[in-house]
Amino acid sequence: MTAHESLGRLLEEVRLARTRLVEGSYGRCAVCGGPIPEGRLGARPWATTCLRHG
């Protein structure tokens, strides 16, 4: 994967996280619906899955 592709993917993940924030699902795992640990969100604010599913 090129740097350009990698950055494009990251940008898309950040946009998805912002959408989830607006929708009210930010901080919840997209797979199981459980909470995403605060530490994971601190390290990767765009995370959409818990540690188990990520």
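Structure: see above.
Small disclaimer: the values here were computed from a predicted structure and weren't measured. (Residues numbered from 1 in each chain as written. Predicted model: local features only at pLDDT ≥ 70, side-chain atom pairs only at ≥ 80, totals over all residues. Heavy atoms only, no water.)

Peer 1: Tell me about the pattern of salt bridges, and please be specific about residues and values.
Peer 2: Scanning all chains against the criterion turns up two salt bridges. Glutamate 13 is paired through a salt bridge with arginine 9; the nearest N and O atoms lie 3.5 Å apart. Of this pair, glutamate 13 and arginine 9 both sit in helix α1 (residues 3-23), four residues apart, which is roughly one turn of the helix. With relative accessibility at 22%, the residue glutamate 13 sits in the partly exposed group. With its nearest N and O atoms 3.4 Å apart, the salt bridge here joins glutamate 13 to arginine 44. One end of the pair, glutamate 13, is in helix α1; the other, arginine 44, is in the segment after α2 (38-43), and 31 residues separate them in sequence. Salt bridges linked by common partners bring Arg9, Glu13 and Arg44 together as one network. (Salt bridge = Lys/Arg side-chain N within 4 Å of Asp/Glu carboxyl O. Helix = DSSP H or I, 4+ residues; strand = E, 2+ residues; numbered from the N terminus. Buried < 20%, exposed > 50% of the residue type's maximum accessible area, 1.4 Å probe, protein only.)

Peer 1: Which residues make up the environment of glycine 27, and what are the values?
Peer 2: Its place among the elements puts glycine 27 in the loop between α1 and α2. Leaving out residues up to four positions away in the same chain, glycine 27 has contacts with Gly34, Pro35, Ile36 and Leu41. (Contact = heavy atoms within 4.5 Å.)

Peer 1: Go over a nonpolar patch on the surface with me, naming the residues and quoting the values.
Peer 2: On the surface, Leu7, Leu10 and Val14 cluster together to form a nonpolar patch covering roughly 230 Å² of accessible area. Along the chain, valine 14 falls in helix α1. (Patch = residues over 30% accessible without salt bridge, like charges linked within 9 Å, V, L, I, M, F, W, Y side chains within 5 Å. Areas by Shrake-Rupley, 256 points an atom, 1.4 Å probe, with all protein chains shown as cover.)

Peer 1: Tell me about α1, and please be specific about residues and values.
Peer 2: Relative to the 30 Å expected for 21 residues at 1.5 Å per residue, α1 spans 30 Å between its end C-alpha atoms, a close match to the ideal helical length. A positive phi of about 95° marks glycine 24, the residue just after α1. (Expected span 1.5 Å × (residues − 1).)

Peer 1: How would you sum up the environment of glycine 54? Please name residues and give values.
Peer 2: In this structure, glycine 54 sits in the segment after α2. Residues glycine 54 and cysteine 29 lie 25 residues apart in sequence; the distance between their C-alpha atoms is 9.0 Å. For glycine 54, the contacting residues outside a window of four places in its chain are Arg40 and Thr49.

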